[in-house]
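# A closer look at the structure
Listed below, chain by chain, are the residues.
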Amino acid sequence: GVDADTLSYATEIIVEQRYEIGLMTAWLDAWGLGRGDPDRQAMGWMVGDVATPVDQMYGMQSEAQLDRLRAAHGADAARLFLAMMIDHHQGGIHMANDAAKHASEAKVRALARRVSKVQTSEITDFRHLQQRLGFPVS
């Protein structure tokens, strides 16, 4: 019962973020770093930021929020998904902009600029879709 546009965006996000995660994981492996444990501290590399648990990173959704999305159907699922992805992308843009300015590797800066541009554009698209579907605009 979820509208076709929301389903299309969800599929696009899965494909895009799998690519980005795979690329960054390969870089970390090549540098001998690995992805780290899920319960590690994250974002300590960002200028001016203090390391934080991964599940508390800006834009990450809580397990309770994810459970609500998993249980939702139709328009309610679309409404939750769009609002959550806007929040998630805002967190991604925050990190990408910092990496675009401060990463020592040119390929990391280039990917960060791309992530920021794509996710900013998607937020605009998501907000237009929220409006078209009659949802509160995040």
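In the block above lies the structure referred to throughout.
This write-up is about the structure you can find in this document.

### A closer look at the packing of helix α1 (residues 4-30) against helix α3 (residues 74-102)
With their axes 11 Å apart at the nearest point, α1 and α3 run at an angle of 35° to one another. As for the relative orientation of α1 and α3, their crossing is left-handed in sense. Of the residues in α3, those in contact with Thr6, Ala10, Ile13 and Gln17 of α1 are Ala78, Phe81, Leu82, Met85, His88 and His89. The residue makeup of the contact of α1 with α3, split by class, is six nonpolar, four polar and no charged.

### Overview of the side chain of Glu122
Locating Glu122 in the fold gives a position in helix α4 (residues 106-133). Summary of buried charges: Glu122 has no salt-bridge partner, and the nearest side chain of opposite charge, Arg114, is 8.8 Å away. A distance of 2.5 Å separates a polar atom in the side chain of Glu122 from a polar atom in the side chain of His89. What Glu122 contacts, discounting residues up to four positions off in sequence, is Glu12, Ile13 and His89.

### A short note on the packing of aromatic side chains
Taken as a whole and judged by the stated rule, the model has two aromatic pairs. The interplanar angle of 85° and the centroid separation of 5.1 Å between the aromatic rings of Tyr9 and Phe126 together place this pair among those described as edge-to-face. Linking Tyr9 in helix α1 with Phe126 in helix α4, this pair joins segments that are 117 residues apart in sequence. Here Phe126 falls in the buried class, since its relative accessible area comes to 0%.

### Thoughts on the environment of Ala110
For Ala110, the position within the fold is in helix α4. With 45 residues separating them along the chain, Ala110 and Gln65 place their C-alpha atoms 32 Å apart.

### Some thoughts on α4
Between its terminal C-alpha atoms α4 stretches 40 Å, which fits the 40 Å expected from 28 residues at 1.5 Å a residue. Buried residues belonging to α4 abut α1 and α3. Backbone geometry just downstream of α4 places Gly134 in the positive-phi region, at approximately 80°.

### Side note on the environment of Met84
Looking at where Met84 falls in the secondary structure, it is placed in helix α3. Distance in space between the C-alpha atoms of Met84 and Val2 is 15 Å, their sequence separation being 82 residues. Excluding residues that lie within four positions of it along the chain, Met84 makes contacts with Gln61, Gln65, Leu66 and Leu69.

### Some words on the pattern of salt bridges
What the rule picks out here adds up to six salt bridges. Put simply, Glu20 and Arg114 hold a salt bridge, and the shortest N to O gap is 3.7 Å. With Glu20 in helix α1 and Arg114 in helix α4, the pair connects residues that are 94 residues apart, well separated along the chain. On the basis of relative accessible area, Arg114 is assigned to the partly exposed category, the value being 33%. For Arg70, the salt bridge goes to Asp67, with nearest N and O atoms at 2.6 Å. Of the two residues, Arg70 and Asp67 both sit in helix α2 (residues 63-71), three residues apart, roughly one turn of that helix. Here Arg70 falls in the exposed class, since its relative accessible area comes to 54%. Each of Glu16, Glu20 and Arg114 takes part in salt bridges that share partners, so that together they form one network.

Rules used throughout
- Here, residues in each chain are numbered from 1, in the same order as that chain's written sequence.
- Under the rules for a predicted model, residues below a pLDDT of 70 receive no local features and side-chain atom pairs below 80 are neither given nor counted, while totals for whole chains, interfaces and linings still include all residues.
- Processing note: side-chain calculations cover all non-hydrogen atoms of the structure and skip hydrogens and water entirely.
- Where helices are involved, their axes are fitted lines through C-alpha atoms of the stretch in contact, as for all axes, and angles between N-to-C directions lie from 0 to 180°.
- Under the scheme used here, helices are H or I runs from DSSP no shorter than 4 residues and strands are E runs no shorter than 2 residues, and both carry numbers assigned from the N terminus.
- In this scheme the crossing of two helices becomes right-handed for a clockwise turn of the near helix relative to the far one and left-handed for an anticlockwise turn of less than a right angle.
- Only heavy atoms enter the contact rule, under which two residues are in contact if any of them lie within 4.5 Å.
- We call Asp, Glu, Lys and Arg charged. Ala, Val, Leu, Ile, Met, Phe, Trp, Tyr, Cys and Pro are nonpolar, and the rest, Gly among them, are polar.
- Each residue's exposure class comes from its accessible area (1.4 Å probe, protein chains only) as a fraction of the maximum for that residue type: buried when under 20%, exposed when over 50%, partly exposed otherwise.
- When charges are counted, neither His nor the chain ends are considered; positive counts come from Lys and Arg and negative counts from Asp and Glu.
- In what follows, salt bridge is the name for a side-chain nitrogen of Lys or Arg lying within 4 Å of a carboxyl oxygen of Asp or Glu.
- Pairing of N or O atoms within 3.5 Å defines a polar contact, subject to two protein rules: one partner must be a possible hydrogen donor and the other a possible acceptor, and residues neighboring in sequence count only if both atoms are side-chain atoms.
- Two aromatic rings, drawn from Phe, Tyr or Trp (for Trp, its six-membered ring), form a pair once their centres lie within 6.5 Å of each other, and the interplanar angle then sorts them: stacked below 30 degrees, edge-to-face above 60, tilted otherwise.
- Multiplying 1.5 Å by the helix residue count minus one yields the expected span of that helix.

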